[in-house]
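If you want the building blocks of each chain, they are given just below.
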Amino acid sequence: MLERFFPDAYVSSSYDIDYEYLYQKGYRGLIYDIDNTLVEHGKPANDRAIALFQRLKDLGFQCCLLSNNKEERVATFNGPIRVHTLHKAGKPGRKGYLKAMEIMHTTTENTLFIGDQLFTDIWGAKRVGISNILVKPIDKKEEIQIVCKRLLEKIVLREYSKQGRDQKEWNENF
């Protein structure tokens, strides 16, 4: 039962992913959560995030930031990055993920989602049929409702680990 929440891959950071490999495998659209996936919660885009998105665009990826946050937060983060965005996305609902693919002109087969939360980010991507990568949160300091979800995530990730899925190289699933 918990398997429905298992990510396709689990890595330390969005910045450790081999994006050249993913492009070679046919992925063309990348959808990202922002907070604790790319930067600490509420922080602006830093040099590392800006460089990552420039690299992704140079490789030929279409990118979209999909956030449950307000428009101002998403727009502020996106200012120096300049990719597609969707705010108040309603994750884990399907609508935001589908809209992101529509905007990027991609499909479930060539789109990948990257985020830090199982029950919003990853579960939503799985509900739509998008490949996904769970990343470890950048910052341990989080709002209380997220802290509570993290406790439940630990249960799911413990089962994920028991099944040996965390022992696989992340790219074995793509």
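On a predicted model such as this, the values are computed, not experimentally measured, just so you know. Along each chain, the written sequence defines residue order, and numbers are assigned to residues from 1. Under the rules for a predicted model, residues below a pLDDT of 70 receive no local features and side-chain atom pairs below 80 are neither given nor counted, while totals for whole chains, interfaces and linings still include all residues. Only heavy atoms go into the side-chain values, all of them from the structure, while hydrogens and water stay out.

Draft legend 1. Up close: the pattern of salt bridges. In what follows, salt bridge is the name for a side-chain nitrogen of Lys or Arg lying within 4 Å of a carboxyl oxygen of Asp or Glu. With the rule as written, the count across this model stands at six salt bridges. Two residues, Asp 33 and Lys 91, come together in a salt bridge whose shortest N-O distance is 2.9 Å. With Asp 33 in the loop between β2 (29-32) and α2 (47-59) and Lys 91 in the loop between β4 (84-86) and α4 (94-104), this residue pair connects regions lying 58 residues apart in the sequence. By relative accessible area, which is 7% here, Asp 33 ends up buried. Runs of E in the DSSP output that reach at least two residues are strands. Runs of H or I that reach at least four are helices, and both are numbered from the N terminus. Summary of the burial criterion: residues with accessible area below 20% of their type's maximum are buried, those above 50% are exposed, and those between are partly exposed, where the area comes from a 1.4 Å probe applied to protein chains only.

Draft legend 2. Fine view of the nonpolar core. One finds Tyr 19, Leu 30, Tyr 32, Phe 53, Leu 56, Phe 77 and Ile 114 to be the most contacted residues of the largest nonpolar core, which totals 29 residues. Looking at this core, the element that brings in the most residues is α2, giving four residues. The contact criterion used throughout is that any non-hydrogen atoms of two residues lie within 4.5 Å. Excluding residues within four positions of it along the chain, Phe 53 makes contact with Tyr 32, Leu 38, Cys 63, Leu 65, Ile 81 and Val 83. Cys 64, Leu 86, Ala 125 and Ile 130 belong to the second-largest nonpolar core, a separate cluster that totals 13 residues. Joining through side-chain atoms within 4.5 Å is the link that ties buried Ala, Val, Leu, Ile, Met, Phe, Trp, Tyr and Cys residues into a set, and such a set is a nonpolar core.

Draft legend 3. Region of the structure containing helix α3 (residues 71-78). Residues of α3 that are buried include every one of Arg 73, Val 74, Phe 77 and Asn 78, and no others. On an axial view of α3, the arc spanned by its buried residues comes to 120°, and they lie on one face. In α3, the exposed residues that point more than 90 degrees away from the buried face are Glu 71 and Glu 72. As for α3, its buried residues are in contact with α2, β3 (62-66) and β4. It is the directions from the helix axis to the C-beta atoms whose arc is reported.

Draft legend 4. Here's a closer look at the sheet that holds β4. Strand order in the open sheet formed by six strands is β1-β6-β5-β2-β3-β4, and the pairing between neighbours is parallel. Each end of this open sheet is capped by a strand with a single partner; those strands are β1 (9-11) and β4. Between one strand axis and the next, the sheet turns by 20° as a mean value, whatever way the strands run. Taken together, the four bridges between β2 and strand β5 (residues 111-115) define a ladder with parallel strand orientation. Considered in β5, the bridge of Leu 30 is made with Leu 112. Note on pairing: two strands pair once DSSP finds at least 2 bridges between them. Helix axes use the C-alpha atoms of the stretch in contact, all axes being lines fitted to C-alpha atoms, and the angles between their N-to-C directions lie in the range 0 to 180 degrees.

Draft legend 5. The arrangement of the environment of Ser 67 in detail. For Ser 67, the position within the fold is in the loop between β3 and α3. Sequence separation of Ser 67 and His 87 is 20 residues, and the distance between their C-alpha atoms is 5.0 Å. If we skip the residues at most four places from it in the chain, Ser 67 touches Ile 34, Val 74, Leu 86, His 87, Lys 88, Ala 89 and Lys 91. Polar side-chain contacts of Ser 67 include one of 2.9 Å to the backbone nitrogen of Asn 69. Polar contact criterion, stated in full: a pair of N or O atoms within 3.5 Å, where within protein one must be able to donate a hydrogen and the other to accept it, and residues adjacent in sequence count only if both atoms are side-chain atoms.

Draft legend 6. Geometry of the pairing of β5. The element β5 is largely enclosed, with a buried count of five among its five residues. What you see with β5 is no split at all: Thr 111, Phe 113 and Gly 115 on one side and Leu 112 and Ile 114 on the other are buried throughout. Strand direction decides the pairing type here: β5 and strand β6 (residues 131-135), joined by four bridges, are parallel. Paired with Gly 115 across the strands is Leu 134, a residue of β6.

Draft legend 7. Seen up close, a positive patch on the surface. In this analysis, a patch consists of residues with relative accessible area above 30% that form no salt bridge, clustered at 9 Å for like charges and at 5 Å for the nonpolar side chains Val, Leu, Ile, Met, Phe, Trp and Tyr. To measure how exposed things are, a 1.4 Å probe is used in the Shrake-Rupley method; for residues, cover is taken only from the protein chains shown. Counted as positive: Lys and Arg. Counted as negative: Asp and Glu, with His and the chain ends omitted from the count. Charge placement uses NZ in Lys and CZ in Arg. For Asp and Glu, CG and CD serve respectively. Taken together, the side chains of Lys 136, Lys 140, Lys 154, Arg 158 and Lys 162 make up a positively charged region of the molecular surface. Tracing the chain through its elements places Lys 154 in helix α6 (residues 144-162). Looking at Lys 154, the relative accessible area reads 53%, which means it is exposed.

Draft legend 8. Layout of helix α5 (residues 118-128). Counting buried residues along α5, eight of its eleven residues qualify, which places the element largely inside the surrounding structure. Taken from the residues just after α5, Gly 129 is the one with a positive phi, measuring 90°.

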